[in-house]
Amino acid sequence: GKICMLDRYVFDFVCKSIKKWKAEGRDLFPISVNLSRCHFVHDNFLSDFIRIAEKYQIDRRLIEFEITENIFLDVSQIRKIKEGLHMIHQYGFRCSLDDFGVCYSSLTLLRELDIDVLKLDRSFFSDLDNRKARNVITSIVQMSEGLGITIVAEGIETKNQTDFLKEMDCDMVQGYFYAKPMPIREFERFLND
């Protein structure tokens, strides 16, 4: 039952970091923060996050709440989750759907959900020699563009993968090809370089 506390702790740390970067004159960009499904059972779950963002005077558009697609496995909670996503946008935050393609992946959800970013799971990119795999990725990228949803390709590790994603006009790429996860000080040096 501590995951909600952990999410708020991480959110506070991210807001504190953004405030520091702003004071240093750095370019700011949206940061994704995980949001556990546990939050969605509470009607006013965003109040703590709003309070923290206000404490650090953070532009809420710089925060992207990241939910995983397995949140939709409990069909009885979908209405509550849709209301939560609406609230996230109502208060000026962004929202992304992580690990798309691992579990549920209903295209109906993409039509119904108010998300800004779709993060394609690394499993999509493990076999780019397979024509079907390439066609599925191409279709998802094109469909997302039509829906006004930004695509992030996750788990990218090779030049072949990045070249293919450039051809597809994929919006963003993350993975070891560019950098591994790192402590914040190292990340700041990485940004400077």
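As shown above, the structure is provided for reference.
Residues numbered from 1 in each chain as written. Predicted model: local features only at pLDDT ≥ 70, side-chain atom pairs only at ≥ 80, totals over all residues. Heavy atoms only, no water.

### With respect to the overall build of the chain
Convention followed: A run of DSSP states H or I qualifies as a helix once it reaches four residues; a run of E qualifies as a strand once it reaches two. Both are numbered from the N-terminal end. Two things to know: the radius of gyration comes from C-alpha atoms, and the globule rule equals 2.2 Å times the number of residues to the power 0.38. For this analysis, residues touch if any pair of their heavy atoms sits within 4.5 Å.
Broken down by element type, the chain carries seven helices and six strands. When the helices and strands of the chain are read in sequence order from the N terminus, they spell out α-β-α-β-α-β-α-β-α-β-α-β-α. Relative to the compact-globule value of 16 Å for 193 residues, the chain shows a C-alpha radius of gyration of 17 Å, a close match. Reported as C-alpha extents along the three principal axes, the dimensions of the chain are approximately 50 × 45 × 30 Å. Pairs at least 24 apart in sequence give 66% of the contacts found in the chain among residues at least 6 apart.

### Overview of unusual backbone geometry
Note the threshold: The cut-offs for exposure are 20% and 50% of the maximum accessible area for each residue type, with area from a 1.4 Å probe on protein chains only; residues under the lower value are buried, those over the upper are exposed, and the others partly exposed.
Phi is positive for Q57, which is not a glycine, with a value near 55°. Inspection of the secondary structure puts Q57 in the loop between α2 (46–55) and β2 (63–68). On the basis of relative accessibility, which here comes to 62%, the residue Q57 falls in the exposed class.

### Things to note about the packing of helix α1 (residues 3–23) against helix α7 (residues 184–192)
Definition in use: Working convention: axes come from line fits to C-alpha atoms, limited for helices to the stretch in contact. Angles between N-to-C directions cover 0 to 180 degrees. Two helices crossing with the near one rotated counterclockwise from the far one by less than a right angle form a left-handed crossing, whereas a clockwise rotation gives a right-handed crossing. Classes in brief: Ala, Val, Leu, Ile, Met, Phe, Trp, Tyr, Cys and Pro nonpolar; Asp, Glu, Lys and Arg charged; the others, Gly included, polar.
Running from amino to carboxyl end, α1 crosses α7 at an angle of 40°, the nearest separation of the two axes being 13 Å. The handedness of the crossing between α1 and α7 is right-handed. Taking contact as the criterion, the partners of F13, S17, K20 and W21 in α1 are, on α7, I184, R185, F187 and E188. Residues belonging to the contact of α1 with α7 are distributed by class as follows: four nonpolar, one polar and three charged.

### Here's the deal with the packing of aromatic side chains
Rules: Any two rings among Phe, Tyr and Trp, with Trp reduced to its six-membered ring, count as a pair given centres within 6.5 Å; such a pair is stacked if its planes are under 30 degrees apart, edge-to-face if over 60, and tilted if neither.
Scanning the model with the defined rule gives 11 aromatic pairs in all. Each ring, one from F11 and one from F93, has its centre 6.2 Å from the other, and the planes form 70°; the classification is edge-to-face. Of this pair, F11 sits in helix α1 while F93 sits in the loop between α3 (78–90) and β3 (94–100), placing them 82 residues apart in sequence. Exposure class is identical for F11 and F93. Each is buried. Taking 6.3 Å as the distance between ring centres and 80° as the angle between the ring planes, the aromatic pair formed by F29 and F187 counts as edge-to-face. Placement of F29 in the loop between α1 and β1 (31–34) and of F187 in helix α7 is noted, with a sequence separation of 158 residues between them. We classify F29 as partly exposed; its relative accessible area is 28%. A connected cluster of aromatic rings, assembled from ring pairs, spans F11, F49, F65 and F93.

### A look at α2
So the rule is basically this: The arc in question is formed by the directions pointing from the helix axis toward the C-beta atoms.
Buried residues of α2: L46, F49, I50, I52 and A53, and no others. The buried residues of α2 occupy an angular sector of 165° when the element is viewed end-on, so they sit on one face. For α2, the secondary structure elements touched by its buried residues are α1, β2 and α3. Looking one or two residues past α2, Q57 carries a phi angle of roughly 55°, positive in sign.

### As for the environment of H42
With respect to the element layout, H42 can be found in the loop between β1 and α2. A residue is classified by how much of its surface remains accessible, and H42, at 47% relative accessible area, is partly exposed. Sequence separation between H42 and E186 is 144 residues, and the spatial gap between their C-alpha atoms is 37 Å.

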